[in-house]
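So the chains spell out like this:
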Amino acid sequence: APPQCHLWIVVWVCSSLTGSQFCSSGMDCNTINGIATCVDPCTNYTVLNDAWRSVLNTDSSNLHCDNEIKRNTWHRMFLGENNAQIPNTCVGQIFRCGTAAPLWINGAHPTQADGIVSRPVCGYWSGSCCFYSSNPIKAKLCYGSYYVYKLDTASTCWLAYCTGTVIFQSIEGIVEMCFK
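These figures come from a predicted structure and were not determined experimentally.

*Asks:* It is not clear to me how the overall build of the protein should be interpreted in this structure. Could you clarify?
*Replies:* Along its length, the protein carries 0 helices and 14 strands. Beginning at the N terminus, the succession of helices and strands in the protein can be written as β-β-β-β-β-β-β-β-β-β-β-β-β-β. For the protein, with 180 residues in total, the buried portion stands at 40%. If you take every contact in the protein between residues at least 6 apart in sequence, the share linking residues at least 24 apart comes to 56%. Carbon and sulfur atoms provide 53% of the accessible area of the protein, an area that totals close to 10200 Å².

*Asks:* Would you mind showing me how to read the packing of aromatic side chains here?
*Replies:* This structure, assessed with the given rule, holds 4 aromatic pairs. Consider the rings of Phe131 and Tyr132, whose centres lie 5.0 Å apart with planes at 75 degrees: the pair is edge-to-face. Taking NZ or CZ as reference, Arg76 lies 3.5 Å from the ring centre of Tyr146, over its face.

*Asks:* Even after reading the chapter, I still don't get unusual backbone geometry, so can you show me in this structure?
*Replies:* Generally, phi is negative for residues other than glycine and the peptide bonds are trans, each holding for most cases. The phi dihedral of Phe95 falls on the positive side, at around 55 degrees, and the residue is not glycine. Structurally, Phe95 is set in the loop between β7 (82-84) and β8 (101-105). What makes Phe95 partly exposed here is its relative accessible area of 30%. Even without being glycine, Cys97 reaches a positive phi, approximately 60 degrees. Tracing the backbone shows Cys97 in the loop between β7 and β8. The class for Cys97 is buried, based on a relative accessible area of 0%.

*Asks:* Looking at this structure, I do not really get the pattern of salt bridges. What am I missing?
*Replies:* Summed over all chains, the structure comprises 6 salt bridges. Measuring nitrogen to oxygen at the nearest pair gives 2.7 Å for the salt bridge that ties Asp28 to Lys150. Placement of Asp28 in strand β3 (residues 28-32) and of Lys150 in strand β11 (residues 146-151) is noted, with a sequence separation of 122 residues between them. Neither residue differs from the other here; Asp28 and Lys150 are each classed as buried. Of the charged contacts in the structure, one is a salt bridge between Arg53 and Asp50, with a shortest N-O distance of 2.9 Å. Judged by its relative accessible area of 3%, Arg53 falls in the buried class. A residue is classified by how much of its surface remains accessible, and Asp50, at 21% relative accessible area, is partly exposed. Among the charged side chains, a network of salt bridges with common partners joins Asp28, Lys138 and Lys150.

*Asks:* How should I be thinking about the pairing of β3 in this particular structure?
*Replies:* Within a regular strand, the side chains alternate between the two sheet faces. In this sheet, strand β4 (residues 35-39) lies alongside β3 in antiparallel orientation, the contact comprising 5 bridges. The residue bridging Ile32 from the neighbouring strand is Ile35, located in β4. Turn length for the β3-β4 hairpin, with the two strands adjacent in sequence and antiparallel, is 2 residues, and the turn residue Asn33 shows positive phi of about 55 degrees.

*Asks:* Even after reading the chapter, I still don't get the state of the cysteines, so can you show me in this structure?
*Replies:* The final tally for this structure, using the stated rule, is 6 disulfides. One disulfide in the model links Cys23 with Cys38; its S-S distance is 2.0 Å. Because the torsion about its S-S bond is -90 degrees, the bridge between Cys23 and Cys38 counts as left-handed. Here Cys23 is found in strand β2 (residues 19-23), whereas its partner Cys38 is found in strand β4, with 15 residues between them in sequence. The class for Cys23 is buried, based on a relative accessible area of 1%. Disulfide pairing places Cys42 opposite Cys142 at an S-S distance of 2.0 Å.

How each quantity is defined
- Residues numbered from 1 in each chain as written.
- Predicted model: local features only at pLDDT ≥ 70, side-chain atom pairs only at ≥ 80, totals over all residues.
- Heavy atoms only, no water.
- Helix = DSSP H or I, 4+ residues; strand = E, 2+ residues; numbered from the N terminus.
- Buried < 20%, exposed > 50% of the residue type's maximum accessible area, 1.4 Å probe, protein only.
- Contact = heavy atoms within 4.5 Å.
- Areas by Shrake-Rupley, 256 points an atom, 1.4 Å probe, with all protein chains shown as cover.
- Phe/Tyr/Trp six-rings, centres within 6.5 Å; stacked < 30°, edge-to-face > 60°.
- Lys NZ or Arg CZ within 6 Å of the ring centre and 35° of its normal.
- Salt bridge = Lys/Arg side-chain N within 4 Å of Asp/Glu carboxyl O.
- Pairing = 2+ DSSP bridges.
- Disulfide = S-S within 2.5 Å.

Quick look at the structure:
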């Protein structure tokens, strides 16, 4: 007999004491008052608007740590009034982003079609782009061209998530993303 093929669709299963439900693509499980619910992270997030997170910040006199960030919560990042995102390239310098070892995601940001993706997190230190590895985070591109991130606490202190605003530049038909 020929092999049977099955198409599996990735869904999240929300479970609580009151039962379980399946979340469709692009949705995530959130527990409110002990009840598991499927929510769109693009409309259910906490705002992070810390100027010290900027990739341009080189001030090392007041270091920050994301070991107490609200974990398993979706966050939308801003720098001032501009949408911001976590860099997906090595920050490459200690004492940036208001911390000793700046955190960045090691992988591409998702497209609309990707839905929610998981990405590893790295922290630059001692000449190594991934000297520190932190727990993976989730990311989603929302309509309106902004990202939301389901962050986790940093693996040790003096690590914090960086942010940068993105400028799209077209050079001979090639689109580049530059952080500022």
